[in-house]
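# What the coordinates show
Okay, here's what each chain looks like letter by letter:
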Amino acid sequence: MVDVVVVGAGISGLCVAWTLRERGYDVEVWSRDDPMATTSSVAGAIWYPFLAEPRARVLAWSAVTFRRLVGLAEVPGSGVRLTPVVEVFANDAPDLWWAAAAGPIERLPAGAVPAPYRAAIRTVVPMCDVPVHLPWLVDQLARRSVRVVQRTLASFEAAFAAAPVVINCAGLGAASLCDDDSVRPVRGQVVLAEPKPGLTAWIDGTAAQPFYVIPRGDDVVLGGTAQVGESDQQVRPADTRAILEGIGARVPLLHDVAVRSIRVGLRPWRPTVRLEREDLPGGRCLVHDYGHGGSGWTLSWGCAAEVAALVPLVTG
């Protein structure tokens, strides 16, 4: 027996496991997939709230995550670094509702705003180099005696046989585990390309199709798509062309970028993030933490802190 079983080994589950272990709990992570095969492994993993509600809670969780990642950026080998990012807008007064959770924001002068945009900002945010950071997280958990076990669950009963507290970080898997028909996939396809010197992270905050450029240590992530309700994980050549043409038109440095590979992931969207405790017969506790949409990395540590605050109420 352990104190807590965390179901799901994406970024949400790993951060929850770390946070609970910090507080002294004996924790195991159970997951159908290896962490490097989860949706989290496909993400650009730049701090940026996207496709997640409600805003007030998302803002609070994002602020906690921002601070935690700033700290991890100082840890050698973590794969986290602070990176400048420029975001462009089609209107003069963009809604920067997330600004209170971030660092200083500089509005670019009109002469520095690229056509055809009307406004642009520059800020510095944490970015997680996923191929480095995810294995680092798993290694850090192992050093803290937290095991990651590959196991497929049809229900939470097996988890409760191993622990009195279960944390549901199953992402899209929560749809069947919780009979929650509000959970929907949002298909995301990205292009991994050769890095180029002088490239800055860049986001088009106005396009119907999200366009973004995220330079990492060994490659650059070009995105993307946000196709609600679509669960096809096959690469679509038409999407690849749209990404490359859209990015090339907006960022001239990437007009002829060399493509390394294409990745597809399914974001676990829900009308609102579900983070709440459910008390079950026999003194069992089920805490839900899923439905983060396109903000899994951005909300990870903030949601984990709230999950940990719920657990002692039952087991402390």
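Structure report, in brief. (Residues numbered from 1 in each chain as written. Predicted model: local features only at pLDDT ≥ 70, side-chain atom pairs only at ≥ 80, totals over all residues. Heavy atoms only, no water.)

### Quick notes on the overall build of the chain
Secondary structure assignment for the chain yields 8 helices and 14 strands. The C-alpha radius of gyration of the chain comes to 19 Å, within 12% of the 20 Å expected for a compact globule of 316 residues. Its C-alpha atoms give the chain principal-axis dimensions of about 65 × 40 × 35 Å. Looking at the chain as a whole, 52% of its 316 residues qualify as buried. Intrachain contacts of the chain at a sequence separation of at least 6 include 76% that bridge at least 24 residues. Entry remark: accessible area of the chain is about 13,300 Å², with carbon and sulfur atoms responsible for 53%. When the 29 basic and 32 acidic side-chain charges of the chain are each reduced to a single mean position, those positions are 2 Å apart. (Helix = DSSP H or I, 4+ residues; strand = E, 2+ residues; numbered from the N terminus. Rg over C-alpha atoms; globule rule 2.2 N^0.38 Å. Buried < 20%, exposed > 50% of the residue type's maximum accessible area, 1.4 Å probe, protein only. Contact = heavy atoms within 4.5 Å. Areas by Shrake-Rupley, 256 points an atom, 1.4 Å probe, with all protein chains shown as cover. Lys, Arg positive; Asp, Glu negative; His and termini not counted. Charge placed at Lys NZ, Arg CZ, Asp CG, Glu CD.)

### Section: the packing of helix α1 (residues 11-22) against helix α7 (residues 296-310)
Where α1 contacts α7, the two axes come as close as 8 Å, and the packing angle between them is 35°. The two elements α1 and α7 cross, and the hand of that crossing is right-handed. Contact residues: α1 offers Ile11, Ser12, Cys15, Val16, Trp18, Thr19 and Leu20, while α7 offers Gly296, Trp297, Ser300, Trp301, Ala304, Ala305, Val307 and Ala308. Residue composition of the contact of α1 with α7, by class: 11 nonpolar, 4 polar and no charged. (Axes fitted to C-alpha atoms, helices over the stretch in contact; angles between N-to-C directions. Left-handed = near helix turned anticlockwise from the far one by under 90°. Nonpolar A, V, L, I, M, F, W, Y, C, P; charged D, E, K, R; others polar.)

### Examining the pairing of strand β11 (residues 220-223)
A two-sided burial pattern is seen for β11, the buried positions comprising Val220 and Leu222 on one face and Val221 and Gly223 on the other. Bridging between strand β8 (residues 184-193) and β11 involves 4 bridges; their strand directions are antiparallel. By the bridge assignment for β11, Val191 is matched with Leu222. Bridge analysis of strand β10 (residues 211-215) against β11 gives 4 bridges, and the strand direction is antiparallel. Opposite Val213, over in β11, you have Leu222 as the bridge partner. In sequence, β10 turns back onto β11 through a hairpin of 4 residues. (Pairing = 2+ DSSP bridges.)

### A short note on the layout of surface pockets
Approximately 210 Å³ is the volume found for the second largest pocket. Lining the second largest pocket we find 13 residues, and of these Val86, Thr200, Ala201, Trp202 and Val251 sit closest to its centre. When contributions to the lining of the second largest pocket are tallied by element, the ones reaching two or more residues are β3 (80-89) and β9 (201-204). For the lining of the second largest pocket, the per-class residue count stands at 9 nonpolar, 2 polar and 2 charged. (1 Å grid on protein atoms, 1.4 Å probe; cavity = no way out; pocket = protein on both sides within 12 Å on 5 of 7 lines; lining within 4 Å. Points joined across faces, edges and corners; volume = space filled by probe spheres on them.)

### Some points on the pattern of salt bridges
Close approach of charged atoms allows side chains with opposite charge to pair. The tally for this structure, following the rule as stated, stands at 22 salt bridges. Notably, a salt bridge pairs Glu306 with Arg57, separated by 2.6 Å at the nearest N-O pair. Pair noted here: Glu306 is in helix α7 and Arg57 is in helix α2 (residues 55-72), with a separation of 249 residues, a long-range link. Of the charged contacts in the structure, one is a salt bridge between Asp279 and Arg277, with a shortest N-O distance of 3.0 Å. Of the residues examined, Asp279 reaches a relative accessible area of 52% and is grouped as exposed. Taking relative accessible area as the criterion, Arg277 reaches 32% and is therefore assigned partly exposed. One continuous salt-bridge network, built from bridges that share partners, spans Asp129, Arg216 and Asp219. (Salt bridge = Lys/Arg side-chain N within 4 Å of Asp/Glu carboxyl O.)

### Remarks on the nonpolar core
The biggest cluster of nonpolar side chains holds 43 residues, and the ones touching the most others in it are Val6, Leu20 and Ile167. With 22 residues, the next largest nonpolar core counts Val42, Phe89, Ala102 and Val125 among its residues. (Core = buried A, V, L, I, M, F, W, Y, C linked by side-chain atoms within 4.5 Å.)

### A short note on the side chain of Thr298
Summarising the element assignment, Thr298 is placed in helix α7. Looking at Thr298, the relative accessible area reads 1%, which means it is buried. Ignoring anything within four residues of it in the chain, the contact list for Thr298 reads Ile46, Trp47, Tyr48, Pro49, Trp61, Ser62 and Thr65.

### Details of the environment of Pro84
Here Pro84 lies in strand β3. On a C-alpha basis, the gap between Pro84 and Leu253 in space is 17 Å, while along the polypeptide they are 169 residues apart. Those residues within four positions of Pro84 in sequence are excluded, and the remaining contacts are Thr123, Val124, Thr200 and Ala201.

### Section: unusual backbone geometry
Across the junction of Glu53 and Pro54, the peptide omega takes the value 0°, indicating a cis bond. Residue Gly224 is reached from Gly223 by a cis peptide bond, and omega for that bond is -5°. With respect to the helices, strands and loops of the structure, Gly224 is situated in the loop between β11 and β12 (227-228). Within the chain, Asp179 stands out as a residue other than glycine whose phi angle is a positive 50°. Within the secondary structure layout, Asp179 lies in the loop between α5 (174-177) and β8.

### Considering the packing of aromatic side chains
All chains considered together, the criterion is met by 5 aromatic pairs. Judged by centre distance (5.1 Å) and plane angle (90°), the ring pair of Trp47 and Phe66 falls under edge-to-face. Taken together, the residues span a long stretch of sequence, with Trp47 in the loop between β2 (27-31) and α2 and Phe66 in helix α2 at a distance of 19 residues. Each of the two residues, Trp47 as well as Phe66, counts as buried. Above the ring of Trp301, the side-chain terminus of Arg68 is found at 4.1 Å from the ring centroid. (Phe/Tyr/Trp six-rings, centres within 6.5 Å; stacked < 30°, edge-to-face > 60°. Lys NZ or Arg CZ within 6 Å of the ring centre and 35° of its normal.)

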